[in-house]
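In case you want the letters, here they are:
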Amino acid sequence: MNPALPSGILGRARVFCQSLAVPDPAERFIDAVVRPLGDNAELEIAARNELAALISGDEESLERAARQLESAGRVRWSGWKIALYAVTFVMSLVSLEVARRGAVVARKLSEIAMGTTGDTRDLPARRMSAEDCLLLFGDTSKHLKSERMKVLWDAAPDNPAYFAEYSILHRIDHDSLPPDFLATAERLDPDNAWFTLMAASAVGKDAVTRLKLTGKERKNGALPGSRLVDEDRYREALELVAKAASQSRFDSYQDDLIAKRIPLLPKRTDLVSQILPIAYLAGSPADTIRFRSIVDVVDAECAALAANGDAEGLVDLAAKWEACLGLWSEADSGSLVDPMVLKVCIHAHAKRMADAAGKLGLEEVQARWAAVDEQLTQEKEARDRHGDRSLRMKGGIFAGLALPAVANQSVSAPIITDEDLRPGRLVDHELFGRVFSSFIWLVLGLMASAAAFYRMRASLLVRRLSLRFEALFRPADWLWVMGGGIVLPFAFYQVVYRLTPFGARDWSVTASGFMVPGGQFSSMGMLMIVMPVLIARWRLGARGDALGFRKARSWAGWGAVVCGALAIPVFGMSFKSGEASESVTKAAAVLLGVLMLAWLAVGMRAVFGRKAELMRRLTMTRILVPAYVSGMLLMVTSMPVYHALEKHWLAQDRLMEITPESPGWTRYEYQVAQAMRAELREMLGM
């Protein structure tokens with residue numbers, strides 16, 4: 001020992017050396033935090049001062065935090081985050097492109113089917129041959145439909161089916177039949193009463209005018225009179241009715257054409273691909289709807305014969321008109337419009353014929369037509385009173401719109417069971433899930449963006465320190481946030497929705513005006529927003545105890561989460577009584593509202609909270625961004641699953657199926673049309 005050195009100096013040197021050998025936990029922690037700032041001395045000094053004021057934990061917590069930061073090193077962008085963002089970005093682009101193409105295809109198909117455009121190049125089923133395109137759409141370079149289909153007929157001038165369709169469209173476009181209509185019909189199909197009655201309807205259209213009844217007359221059951229406008233056309237129409245009565249068949253060929261065209265339409269695989277067949281058939285011309293003018297002519301002749309006391313003439317007219325109705329009833333049409341028009345024509349004429357026969361003392365004729373009038377009147381009253389709400393409440397969207405009106409048209413219509421409705425209903429549910437997943441994807445994207453931009457509120461120093469504090473999170477913590485905050489709400493929703501009676505899958509998505517499925521999905525989405533915040537706060541408090549990040553447990557927040565979770569099954573209980581319960585739906589909405597208010601409180605606290613909490617909140621945002629992005633990835637990967645399930649259920653839907661064997665708007669409409677024709681034939685004694 002050198003006696004020249006004072007003992008005090010040696011003691012201080014010994015303490016200094018010991019401090020270098022075993023650093024103070026706080027100093028070690030600060031060194032670990034500021035190590036990435038070594039390239040900026042000014043920022044490092046500021047960080048050391050900030051941390052000295054921030055540290056509040058014990059030595060053990062500081063040691064743990066320091067070791068975690070030292071093991072994390074200086075890596076700013078971890079590989080798993082880059083992979084997460086990249087995969088989410090690519091999957092989102094793919095899903096958005098699929099959705100965009102689906103929307104474009106749906107719009108184009110609707111335009112093509114309804115005749116508002118002639119562009120068929122984007123037809124999704126396949127590239128059609130010129131012959132198939134001509135059969136399906138005619139010459140798409142023409143503006144009017146009649147002009148388009150005339151090209152089809154010109155290509156096969158001996159085909160009566162093409163001529164019949166062209167004639168229907170010509171009358172729709174020009175309010176007249178093509179020139180030499182009867183002469184051409186005589187050449188192509190001389191024994192077809194359809195052509196003759198089509199000519200009679202065109203000739204008789206302006207021959208007589210039906211007079212309007214007053215309210216009192218209508219209430220008393222008076223029959224409307226008619227005024228003769230053009231006697232020549234009137235007589236010609238009656239002659240055509242007599243000619244049609246002598247012919248042997250009635251065929252508009254529309255079913256044959258539809259049966260040939262259905263295989264050319266895109267095969268239905270999902271709800272979007274079903275648009276073209278439905279829209280195409282909806283745009284098909286209704287050929288017999290204009291036959292109503294023939295009834296006016298026949299009614300006027302009945303009244304004239306009764307006024308003149310010509311019983312023999314009335315019997316002859318009744319026989320001829322009944323023969324026309326019989327031929328019409330035997331036609332094979334898959335569209336419900338045709339038998340409905342036939343029923344209207346029979347009913348409109350029955351009372352007039354019974355009245356005229358009564359005036360002339362023709363008791364048998366009167367009794368026959370009075371019975372027909374009574375039967376059809378009772379059917380109409382029963383149909384007006386009856387409304388099968390179960391079809392709307394438990395069917396798919398298309399089925400709920402179409403089937404109630406279709407099923408009510410025939411007393412012998414096939415009975416629709418819940419098993420028949422189930423596939424179409426579940427198609428809508430899966431489509432709704434696919435659409436709403438994209439909405440949740442968007443909301444989570446906005447939340448991730450808001451969390452990222454929230455960092456701009458802080459200085460560069462706070463942003464750099466919060467980035468460093470993120471390294472305190474371990475893999476188990478990330479699993480807690482993403483698994484418990486994102487995957488768990490999604491899994492809970494799927495379990496309730498698919499495996500319990502509270503999923504409301506036994507009811508149409510429209511039964512509650514979309515309130516029930518929308519409320520359930522919204523509850524799931526809100527849980528995926530709120531739960532990561534609460535879990536991240538808990539885990540960050542455990543890891544950042546040395547920095548004072550540990551806070552009291554948020555009982556209000558977790559209570560709101562429980563309310564949000566309960567809202568999912570409670571929304572499904574809205575139909576527990578067999579009808580939509582408004583009170584239960586409101587209760588579920590209140591539970592969801594509690595969760596939304598809790599989230600609003602979180603947002604308000606983040607914006608207007610104490611500045612001293614800014615460091616912790618910025619660290620939270622760095623945790624929430626990957627969590628919300630993982631939720632986006634979950635939503636975007638669930639969309640193809642929903643789509644696959646949609647296809648699965650659509651393949652099992654037989655009610656709304658369109659096939660060449662059942663050439664109607666749907667298979668069920670075809671079955672009802674056949675049943676309705678059988679009833680009318682029985683009524684007419686055919």
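For the structure itself, consult the block above.
Given the structure is predicted, the values throughout are model-derived calculations rather than measurements. (Residues numbered from 1 in each chain as written. Predicted model: local features only at pLDDT ≥ 70, side-chain atom pairs only at ≥ 80, totals over all residues. Heavy atoms only, no water.)

## Quick word on the packing of aromatic side chains
- Per the counting criterion, the structure on display carries 19 aromatic pairs.
- Here the aromatic rings of Phe 436 and Phe 521 are separated by 5.0 Å at their centres, their planes lie at 50 degrees, and the arrangement is tilted. Separated by 85 residues along the polypeptide, Phe 436 in helix H21 (residues 418-454) and Phe 521 in helix H24 (residues 515-543) bring together distant segments of the chain.
- Classification of Phe 436 as buried rests on a relative accessible area of 16%.
- Ring pairing ties together the aromatic residues Phe 432, Phe 436, Phe 439, Tyr 493, Tyr 497, Phe 514 and Phe 521, which thus form one cluster. (Phe/Tyr/Trp six-rings, centres within 6.5 Å; stacked < 30°, edge-to-face > 60°. Helix = DSSP H or I, 4+ residues; strand = E, 2+ residues; numbered from the N terminus. Buried < 20%, exposed > 50% of the residue type's maximum accessible area, 1.4 Å probe, protein only.)

## With respect to empty space enclosed by the protein
- All chains considered together, the criterion is met by 6 cavities of 30 Å³ or more.
- By volume, the second largest cavity is sized at about 80 Å³.
- For the second largest cavity, the full set of lining residues is Leu 271, Gln 274, Gly 396, Ile 397, Phe 398, Ala 399, Gly 424, Val 427, Asp 428, Leu 650, Asp 653 and Met 656.
- Only helix H20 (397-407) and H21 provide two or more residues apiece to the lining of the second largest cavity.
- Split into classes, the residues belonging to the lining of the second largest cavity amount to 7 nonpolar, 3 polar and 2 charged. (1 Å grid on protein atoms, 1.4 Å probe; cavity = no way out; pocket = protein on both sides within 12 Å on 5 of 7 lines; lining within 4 Å. Points joined across faces, edges and corners; volume = space filled by probe spheres on them. Nonpolar A, V, L, I, M, F, W, Y, C, P; charged D, E, K, R; others polar.)

## Points about a nonpolar patch on the surface
- On the surface, a nonpolar cluster with roughly 470 Å² of combined accessible area is contributed by Phe 89, Val 90, Leu 93, Val 94 and Val 98.
- Examined against the element boundaries, Val 94 turns out to sit in helix H5 (residues 79-114). (Patch = residues over 30% accessible without salt bridge, like charges linked within 9 Å, V, L, I, M, F, W, Y side chains within 5 Å. Areas by Shrake-Rupley, 256 points an atom, 1.4 Å probe, with all protein chains shown as cover. Salt bridge = Lys/Arg side-chain N within 4 Å of Asp/Glu carboxyl O.)

## Description of the pattern of salt bridges
- A full pass over the atoms with the stated rule returns 25 salt bridges.
- A salt bridge links Lys 205 to Asp 206, with the nearest nitrogen and oxygen atoms 3.7 Å apart.
- Where Asp 355 meets Lys 359, a salt bridge forms, and the shortest distance between an N and an O atom there is 3.4 Å. Remark: Lys 359 and Asp 355 occur in helix H17 (residues 337-359); sequence separation between them is 4 residues, near one turn of the helix.
- Judged by relative accessible area, Asp 355 falls into the partly exposed class, the value being 31%.

## Looking at the environment of Lys 142
- When you line up the elements, Lys 142 lands in the loop between helix H6 (130-137) and helix H7 (145-155).
- Taking the relative accessible area as the measure of exposure, Lys 142 reaches 36% and is therefore partly exposed.
- Dropping the residues within four chain positions of it, Lys 142 is found in contact with Glu 147, Arg 148 and Val 151. (Contact = heavy atoms within 4.5 Å.)

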